[in-house]
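# A look at the structure
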Amino acid sequence: MKIKKMESRVEKIKLELQKVGEMRPGSLNKQMTVCGRSGCVCIDPNKPKKHGPYFQLSYVHQGKSTSQFIQREFVSTVTQQLKNYKTFKSLTMEWVDLALEIAKEKLAADKEQLKIKKKSDR
């Protein structure tokens, strides 16, 4: 990819990042549980009816693992925040990849210019 084209993509990525919105890392899992009370339908050996669903968010931030339950009313909000975070991560990874490639191309071009300069100085 040409440098100008890569730099243009980086500028588009910057604009896309401005639109990301609220975000959070992690994953949201739906769980069904058994309470263990004697006589409860959740522990019926033939047709158990577990309690739930309960939604649990798990993530690691700054090396600390965290888990919290999310009320059903907030599941769609949290789901959107998780999606936004994935978008953010994807865009920033692409930006870094492009930045490395741009730096590599520029270094190669600078080396070539230096070779040409040295030949003309002889």
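Structure: see above.
This section reports on the structure supplied with the text.

The rules we used
- Residues numbered from 1 in each chain as written.
- Predicted model: local features only at pLDDT ≥ 70, side-chain atom pairs only at ≥ 80, totals over all residues.
- Heavy atoms only, no water.
- Helix = DSSP H or I, 4+ residues; strand = E, 2+ residues; numbered from the N terminus.
- Expected span 1.5 Å × (residues − 1).
- Buried < 20%, exposed > 50% of the residue type's maximum accessible area, 1.4 Å probe, protein only.
- Contact = heavy atoms within 4.5 Å.
- Arc of directions from axis to C-beta.
- Salt bridge = Lys/Arg side-chain N within 4 Å of Asp/Glu carboxyl O.
- Pairing = 2+ DSSP bridges.
- Axes fitted to C-alpha atoms, helices over the stretch in contact; angles between N-to-C directions.

Between its first and last C-alpha atoms helix H2 (residues 75-121) spans 68 Å; for 47 residues at 1.5 Å apiece the expected length is 69 Å, and the two agree. Looking only at H2, the buried set comprises Val75, Val78, Gln81, Leu82, Asn84, Leu91, Leu98 and Ile102. Turning to H2, the residues buried within the fold contact helix H1 (3-18), strand E1 (27-33), strand E2 (51-61) and strand E3 (64-70).

Here we take up H1. Its 16 residues place the ends of H1 23 Å apart at the C-alpha level, agreeing with the 22 Å of an ideal helix rising 1.5 Å per residue. Listing the buried residues of H1 in full gives Met6, Val10, Ile13 and Leu17. Looking down the long axis of H1, one finds its buried residues gathered within 60° of arc, a one-sided arrangement. Residues of H1 that are exposed and point more than 90 degrees away from the buried face comprise Lys4, Lys5 and Gln18. Packed against the buried residues of H1 are H2.

Another point: the pattern of salt bridges. Inspection of the entire model under this criterion finds four salt bridges. The salt bridge partner of Arg9 is Glu16, with a shortest N-O separation of 2.8 Å. We classify Arg9 as partly exposed; its relative accessible area is 22%.

As summarised here, the arrangement of the three strands in space is E1-E2-E3, forming an open sheet in which the pairing is antiparallel. Two strands in the sheet have a free side with no partner beyond their single neighbour: E1 and E3. The sheet shows a mean angle of 30° between the axes of neighbouring strands, taken without regard to direction. Pairing between E1 and E2: six bridges, direction antiparallel. By the bridge assignment, Lys30 is partnered in E2 with Phe55.

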